Amino acid sequence: GGGLSAADATHQVVQGDAQTGVPSGLVLTAVMADGDQVIPEMHGAFSGAMGLDASTISNYNGESVSLTVKSTATEFLVALSKNMAHALFWEMDANNVFFRLVGHRIELETGNDELSRVVGSSKPFFALAPMTPAPDVWLQHFQADGRPLHSVGIAQAVTDENIFVATLDTIVKYSLASRTFQNITCERGAGEAFTSLTAGPGGELYVAKYTGKNQLTQIAESVLMKVTADGSCGVPEWAVLPTFRVVRAMALSNDGLFLFLADQAQDLSSATSPNEMQAIRMTVLRNGFTETLKGVGDTTATEEDIEFQNVVDLAIQESEGGTSASADSPRRILVLRASEDFDGSFFLAKVYAAGLTIEMDGETRSTFTGNSVSVMGGAASFKNLPFSMQAGRLSGVTAEQNAAGLYGGALSLDKVARSFTVKADTVTGAKSSFRTLFQGNTAIGQSNARGGAIGVEFSAGLLLKGSDFMENEAGYGPAIWFSSIRDFDDAYQPIWINPLYTVPQLGGSRLWIEACAVTSNKADPVNIPGTGAVSLEGGVQVEIVGSNFASNTATIGAAVSAVDNSTVVISSSTFTSNKATSTGAGLRLGDRAQATVKSSTFKSNEATSGAAIAAVGQSILALQTDPATPKD
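Every value quoted in this text rests on a predicted model; they were computed, and no experiment measured them.

A word on the overall build of the protein chain. Across its full length, the protein chain holds zero helices and 63 strands. The proportion of buried residues among the 632 residues of the protein chain is 57%. Long-range contacts, defined as pairs at least 24 residues apart, comprise 69% of the intrachain contacts of the protein chain with a sequence gap of at least 6. Surface summary for the protein chain: the accessible area is close to 24500 Å², and the carbon and sulfur share equals 49%.

This is the structure in C-alpha cells:
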C-alpha cells in the first residue's frame, strides 16, 4: 500500500441482555434488502420448554411484538419457515419419548400475537427411531427422563423452499410446497452423530458429523459433509480437510463463500452440568481453510478468540445477495446461547466489525499519484479484512502512475471477506458526477505480475461502476486481474498440462462491471503470453453491463480473458478495436470457462483467430440478440 494500507482488522462482540426461556433457535423477522445501509434490529430467538402449551419468539431489542406459537404439552418447536407460515414440531408419545416430526401450517390470529395451527393442516409425520447406543457426546444434553434440555439435540436449517432437520442419526427435508418429508442419506458409523447443519444458496447442505473421541488424546472429533442439490453426500473437495471437535451450530453466508461454525473449544460438563465453551470459526468454502475469529468485547480492548458458552444457534444478518447492490450492504453474525447450566434463560450476541469502515467520496476528491511498492497495491492495499466490516467504498477517486512489483498497480485486495465498491460519486448539489479514474498504473516488476490497475485474489467481491481504466499495463490483466482460487489451490494445473484438473466448484468470488470504460490497456508480459485488460481466473462469477472496451492489446483475450471455470455474463456492452496477437481480441474463453453474451457489439477487433470471440479448452459460449430468444 504505497499511499494507503489497511490490514488485519478484528471483530467486536456485543453481548445482549438475558431473556427468559429455553432457547431453541434464531429467526430473522425482517429482510434486509440489497443496498440497505442500516441493519434492522428485527431478529429474535424462539424458545420454549416441555410442559408448556406454547413457544415464544422474543425480539432481541424489544422494538416489535413477541409472538406466541401455540403447541401442546407433548410437543417441542423445532423450526419455523422464513415467512412463519409453517412450523415443525418434535412430538412425544405417552412415555415421554420423542418419536416423530410433524409439520403444520400456522397463521397469526386476528387481534392478538399468537401463531396458531390452521385447521386440518397437519401432514403425515416422519417417524424417528431411538438411536442406540446414543453417542457419548450427547449424553450431557438430556435430562434423566430423556427430555432435551434445549434444542442442541436437534438441528435445523431453513431456506425459502424447505426446512432441513438433523436428529443425531437422521437428516430430513420438509418441503413447504408439498408439505411432505423426505429422508436424506449420509454415511454414519456406529457411535457417530449429525450435530448441526446449514443450507446454501444453491440448494446444497453442509452437515457436521461427530465421529467419536481420538483414542490418544480423548478429544472429540468431527468432520464436515456436503450434500449436493441432487442429494449425494460426501466430504467436500478440499486438498486438506479441516477437523473440528463438536459443532453445535452453523451458518452460511448468502454469497456461498464462508461457513461459520460454533465448535467445541472446551468441555466443561460434569455429571450434573452440561456446559461447554464454543469457539466461532470461519471456513472458506473454496479450499477448506479454517480459522477462529478474533475479537474484542464490551469491556476489554484485548484481542482474543471469540468464544461463547452453550451456543444453540448461529445466523448471518445481511442482504439477500446476488445482485451488485448487495456489495454495499453491511452484515453481522448473531450468536444465540443458553445460560450456564441451561437454567431457563438465554442471550443473543452480535459479532461485527462495528468500527471498520473504509470510505472515500467525491467531495474529498482523493488522488493517488506516483506511489510505488515492491509487492502489491501501489496506491492502496487492503488485506485480511473481516467478513463483518461495515463498508468498503471508493468513490470519485483518481489513481495515476502508481506501480506495484507483483499485482495491483493502483489497488489490491487480498483475503478481504466482504465486497468492495469502486464507483463514480455525485457531489451533493452538483449536476454531474466524478468518475473514478485509473490511468497509467503498472504491475510489471516480475514475470507473473498482474493487475496493472486493480489486483484481487481470494476475496469476496468487487463492484466497479462508473469507472474509467486507461493506459494501464501488466503481464496479466493490465486493467483488472481477478482470481477466486488459483493461487490458493495447491493442486492447480492449467488444462494444457493436466486436462483432468478442474477448479473445485465450492463458491466463487463475484465481480460486477457496470457503466465502465476500459481503453488502451496493454499486457506486456515477460516470457509468458499476456492476457486481456480484464483477466478472470478460478471460478469467478462476473457480470459486465453497459461497458465499453476499446483499443486494448494482449497476446490472448485483449479485452476480456476468462479461464478456470469462470462464468461471465455480458450485456449491452461494446468491444471495439481491441487487438490480440494470438486469439480472442474481444473475448477469450479457456479451461472450461462459460460466457453468455447478450445484445452487445463487437467491431473492428483483430486477432490471429477469433477476432471477436474465441472459445477453447472445453469452454461454453451462448450468444443472445434478445434475452428472451437465446441463440447458441
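Still more to cover.
Our focus in this paragraph is the pairing of strand E9 (residues 86-92). In terms of residue burial, E9 counts as a mostly covered element, since seven of its seven residues are buried. With five bridges connecting them, strand E8 (residues 75-80) and E9 associate as antiparallel partners. Each bridged residue has a counterpart across the sheet, and for Phe76 the counterpart in E9 is Trp90.

Taken together, eight strands build an open sheet; the order of strands is E31-E35-E41-E45-E49-E53-E57-E61 and the sheet is parallel. Strands with a single pairing partner mark the edges of an open sheet, and in this sheet they are strand E31 (367-369) and strand E61 (601-603). Ignoring which end each strand starts from, the neighbouring axes of this sheet average 5 degrees apart. In this sheet, strand E57 (residues 574-576) lies alongside strand E53 (residues 548-550) in parallel orientation, the contact comprising three bridges. Looking at the pairing, Phe549 lines up with Phe575 of E57.

With that out of the way, let us pick up the pairing of strand E60 (residues 594-598). Only one face of E60 is covered, namely the face carrying Ala595 and Val597; the face carrying Gln594, Thr596 and Lys598 is uncovered. Taken together, the five bridges between strand E56 (residues 567-571) and E60 define a ladder with parallel strand orientation. Bridging from a neighbouring strand, Ile570 pairs with Val597 of E60. As paired strands, E60 and strand E63 (residues 620-624) are joined by five bridges and run parallel to one another. Counted as the bridge partner of Gln594 is Ile620 from E63.

Along the chain, the position of Ser175 falls in strand E15 (residues 171-175). Beyond its immediate sequence surroundings of up to four residues, Ser175 is in contact with Glu161, Asn162 and Thr180.

Another aspect to go through is the sheet that holds strand E19 (residues 220-227). The antiparallel open sheet is built from four strands, whose spatial order is E17-E18-E19-E20. Edge positions in the sheet fall to strand E17 (193-199) and strand E20 (233-234), since each has one partner strand and no second. Two elements, strand E18 (residues 205-213) and E19, share eight bridges in a ladder whose sense is antiparallel. Bridge pairing links Ala208 to Leu224 in E19.

All told, the structure shown has 11 salt bridges when counted by the stated rule. A salt bridge links Asp255 to Arg331, with the shortest nitrogen-to-oxygen separation between them at 3.7 Å. Here Asp255 is found in the loop between strand E21 (247-252) and strand E22 (258-267), whereas its partner Arg331 is found in the loop between strand E28 (311-317) and strand E29 (332-338), with 76 residues between them in sequence. Judged by its relative accessible area of 26%, Asp255 falls in the partly exposed class. Judged by its relative accessible area of 7%, Arg331 is buried. One network of salt bridges, in which partners are shared, links Asp255, Glu318 and Arg331.

By size, the foremost hydrophobic cluster in this structure holds 52 residues, and its most contacted members are Phe382, Leu462 and Leu464. Here this core takes four residues from strand E30 (residues 345-360), the largest share from any one element. With residues up to four places along the chain from it excluded, the contact list for Phe382 reads Leu4, Ala6, Ile358, Leu411, Ser412, Leu413, Asp414, Val416 and Phe420. If you look at the next biggest cluster of nonpolar residues, it comprises 24 residues, including Phe258, Ile280, Leu293 and Leu314.

Take the state of the cysteines next. Taken as a whole and assessed by the stated rule, the structure comprises one disulfide. There is a disulfide in this structure between Cys186 and Cys233, and the S-S distance comes to 1.8 Å. Measuring handedness by torsion sign, the sulfur bridge of Cys186 and Cys233 sits at about 100 degrees and is right-handed. Highlighted residues: Cys186 in the loop between strand E16 (180-184) and E17 and Cys233 in strand E20, separated in sequence by 47 residues. By relative accessible area, Cys186 is classed as buried at 10%.

One can find Ser483 in strand E47 (residues 480-483). Given the relative accessible area of 2%, Ser483 is considered buried. Ignoring any residue separated from it by four or fewer positions in sequence, one finds Ser483 in contact with Val456, Glu457, Phe458, Glu537 and Val540.

Reading the values: rules and limits
- Residues numbered from 1 in each chain as written.
- Predicted model: local features only at pLDDT ≥ 70, side-chain atom pairs only at ≥ 80, totals over all residues.
- Heavy atoms only, no water.
- Helix = DSSP H or I, 4+ residues; strand = E, 2+ residues; numbered from the N terminus.
- Buried < 20%, exposed > 50% of the residue type's maximum accessible area, 1.4 Å probe, protein only.
- Contact = heavy atoms within 4.5 Å.
- Areas by Shrake-Rupley, 256 points an atom, 1.4 Å probe, with all protein chains shown as cover.
- Pairing = 2+ DSSP bridges.
- Axes fitted to C-alpha atoms, helices over the stretch in contact; angles between N-to-C directions.
- Salt bridge = Lys/Arg side-chain N within 4 Å of Asp/Glu carboxyl O.
- Core = buried A, V, L, I, M, F, W, Y, C linked by side-chain atoms within 4.5 Å.
- Disulfide = S-S within 2.5 Å.

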